[in-house]
Structure formats: structure tokens, C-alpha cells
Protein chains: 2
Amino acid sequence: MYKRKIIPNLNCGLDLIGEVLYGKWKIRLIWFINEGYKRPSELQRKIPDASRRVLNIQLKELEEHELVTKKIYPVVPPKVEYSLTGFGKTLIPVIAALGQWSDEHEDRLRDVILRQVMSSDLDDTLIS
Amino acid sequence: MYKRKIIPNLNCGLDLIGEVLYGKWKIRLIWFINEGYKRPSELQRKIPDASRRVLNIQLKELEEHELVTKKIYPVVPPKVEYSLTGFGKTLIPVIAALGQWSDEHEDRLRDVILRQVMSSDLDDTLIS
DNA sequence: GCAATAGGGGATAAATTTATCCCTATCTGA
DNA sequence: TCAGATAGGGATAAATTTATCCCCTATTGC
């Protein structure tokens, strides 16, 4: 695994939450686990844009941060289930607030994001 | 500026919010602007760990995403003020929820984060 | 003339995060 | 016997994000 070279600042609350939630797929992982998609393969199907590898890595970090637990069943083929810890569950309302905000503003968000992506394409065209 | 090579997915709400809030300092910028720290130099003082450069870049992105507006006063030395747009203000309750959660769990968060950082240091020691 | 102030930005390096590719293991069913 | 399902991880490449360094503008005050 990657070993940090720079020690993170943990001054304020926002630094702390960043440490545990900052990862492209983490919020979604927590959300889907809460919805009952507990097995790695299920989570992968729910998040097809992420590679298996990254999901494993991010799940492991969530586990280290005590937001989820991993239960390995000694069967073949292997079966693994993730669940939210009590601590992890306290995040659900927060993530729900994020989700609700983005749902409410979905159209506008899509609009401003695409505008920005395209304007950088345009820059590109002007240069070449 | 950096030109994306991979077009982002904008399938669900969480993709969208990621596009506008995913940036190390963005949430804090929005928060502090809302608290009344509007000038770039003030924001820098509030966020001393970020370089001036990155703050400029992230502020520009927030502006492109219509979460903040920038007002340039034609005076010397220059004076600039950022404000939240109406759209940006709708994010305040969401950010407040994030902040409240991390404040409530501050000790535990610090604990699990440090534990994780140290365990990777330990790995390092064992190897060498 | 020179420093200080306030705000910006290009170029490049470093850090970090994601993606890709490939390999392991075991049983089930065709 | 071979593919498929299920879970995992090492090595490495690519993408992306942050950090550093240095330079520019114009005016005020000494």
C-alpha cells in the first residue's frame, strides 16, 4: 500500500471528516452497504465504474476507520459481507443530506459541470 | 490548467456532488466565505495549510460551478471579494451537517485516523 | 528608487489516487 | 477438464491533485 509522505493535518472537524470520507467511492460504498448490498460482488455491480481493486482498497480503509466491519465466512467459494458499524450508521443522515441536495439540484449541477468540462475542451481547440 | 483526459461519470447525484465539492479545500472555502471571510488574503489566513495557488484554483472552480461569485474592485492595491451565490447558500446546511458530525465524533475520528497512519509506519519499520 | 500591499498565474515537481494487468485459491456444473 | 463464480493482492502505469518557485501589475509611503 501507499505510504503517506506528508502527515495529514487534523486540526478541525473538516480535516477529520476529509480523512475518512475523501475517496472517490467511499460515500457510495457506505450508502449501498446501508441499503443492504453487503457482498463485494454486489457492491461492484452497483458501482461498475470502479475497479474491483479500488473498491477493495477503499473498503479496507473504511474498515480501518471503524465505519464498516467485514465478516468472512469460511466457505467455498468465499463469502464476505460488510456491514456498517454503529459509528458508520451515524453517517447515514449526513450522506442522505448530501444525496438529497444533489438530487434537488441535479439538472443545474449537470449543467455547470458540463459547461466547465467543455470550456476546457474549447481552450484546447483554440490552442491547436 | 490541467485538462482532464477521462470524462467524468455523471450518472447519479453522488457523482454530481463529487464534481463540485471534491477538492481538498472547497468545503472550507465555502464555509468561510459564508462566515464572512470574503477576501483572498483572509481566506488564506483561515486556511494556512493551503498554498495561495491552490486556493485560487479551487475558488475559480467554485466560481465556474456557480457556487461563488467574484467581485473585483478596480482599485489599487487590488481588492477582491467572493460571495456565495444563492445556489452556493443551499449547500450551507449540508456542510453544517458534515461539520456537526465530525465535531460530535472528533475524538474517535482522531483516534482511528492516527491509528491507521501509525500502523502504516509500523509496517515500514518491520520491513526495514 | 525601493519596499510593502494585494491579487494573479505559468512552469514544473512531488504526492496521491485510480486504473490495469495478471496471478492465486476452491468448488460447481457442463 | 475447463469455464465461471467469488474474493484477494502485487506490481506498475496513468491520471489527477497539490505544492513550490518565481515572476508580474500598480500605487502609496519612506
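Throughout, residues of each chain are indexed from 1 in the direction in which the sequence is written. Written order decides the labels, with chains lettered from A and ligands numbered from 1. Whole-chain, interface and lining totals are the exception, using all residues; otherwise, since this is a predicted model, local features are given only for residues with pLDDT of at least 70 and side-chain atom pairs are given and counted only at 80 or more.

**Looking at the overall build of chain A**
Part 1 of the argument: On a plain count of helices and strands, chain A comes out with seven helices and two strands.
Part 2 of the argument: In chain A, the order of α-helices and β-strands from amino to carboxyl end is α-α-α-α-β-β-α-α-α.
Part 3 of the argument: Scaling as 2.2 N^0.38, a compact globule of 128 residues should have a C-alpha radius of gyration of about 14 Å, whereas chain A reaches 18 Å, well beyond that.
Part 4 of the argument: Overall size of chain A, expressed as C-alpha extent along the three principal axes, is 60 × 40 × 35 Å.
Part 5 of the argument: Residues are defined as contacting one another if the C-beta atoms placed from their backbone atoms lie within 7 Å. When contacts within chain A are restricted to residue pairs at least 6 apart in sequence, those whose partners lie at least 24 apart make up 45%. Helix and strand definitions here come from DSSP, where helices need a minimum of 4 consecutive H or I residues and strands a minimum of 2 consecutive E residues; each element is numbered from the N-terminal end. The globule rule used here is 2.2 Å times the number of residues to the 0.38 power, and the radius of gyration it is set against is calculated over C-alpha atoms.

**What to know about unusual backbone geometry**
Excluding glycine, a negative phi dihedral is what most residues carry, and trans is how most peptide bonds are arranged.
Part 1 of the argument: Phi at E66 of chain A takes a positive value of approximately 65°, unusual for a residue other than glycine.
Part 2 of the argument: Relative to the assigned elements, E66 of chain A resides in the loop between α4 (52–64) and β1 (68–73).

**Examining the protein's contact with DNA strand D**
Part 1 of the argument: Here is the check we use: build the C-beta atom from the backbone, and if it is within 6 Å of the molecule or strand, call the residue near. For DNA strand D, the set of nearby residues contains 22 residues, the closest of which are S41 and P77 of chain A together with K5, I6 and K24 of chain B.
Part 2 of the argument: Of all the secondary-structure elements, those providing two or more residues to the surface near DNA strand D are α3 (40–46), α4 and β2 (79–84) of chain A together with α4 (52–64) of chain B.
Part 3 of the argument: Grouping the constituent residues of the surface near DNA strand D by class yields 10 nonpolar, four polar and eight charged. In this classification, the charged set is Asp, Glu, Lys and Arg, the nonpolar set is Ala, Val, Leu, Ile, Met, Phe, Trp, Tyr, Cys and Pro, and all remaining amino acids, among them Gly, are polar.

**Considering the relation of the copies chain B and chain A**
Part 1 of the argument: Alignment of the copies relies on least squares applied to C-alpha atoms, considering only residues that score at least 70 for pLDDT in both. Turning chain B through 180° and shifting it by 0.0 Å along the axis lays it on chain A, with an RMSD of 0.1 Å. One copy is carried onto the other by what is essentially a two-fold rotation axis.
Part 2 of the argument: When you check the interface residues of chain B against chain A, 100% turn up at the interface there too, and the contact is symmetric in its surfaces.

**Thoughts on the interface of chain B and chain A**
Part 1 of the argument: Contacts between the two partners involve 37 residues from chain B and, on the opposite side, 38 residues from chain A.
Part 2 of the argument: If you list the elements that add at least two residues to the side of chain B that touches chain A, you get α1 (13–21), α2 (26–35), α6 (92–104) and α7 (106–127) of chain B.
Part 3 of the argument: The leading source of residues in the side of chain B that touches chain A is α7 of chain B, at 10 residues.

**Describing the protein's contact with DNA strand C**
Part 1 of the argument: Within the structure, DNA strand C sits among 21 residues, and K5, I6 and K24 of chain A together with S41 and P77 of chain B are positioned closest to it.
Part 2 of the argument: Counted by class, the surface near DNA strand C contains 10 nonpolar, four polar and seven charged residues.

That's the geometry; what it means functionally is another story.
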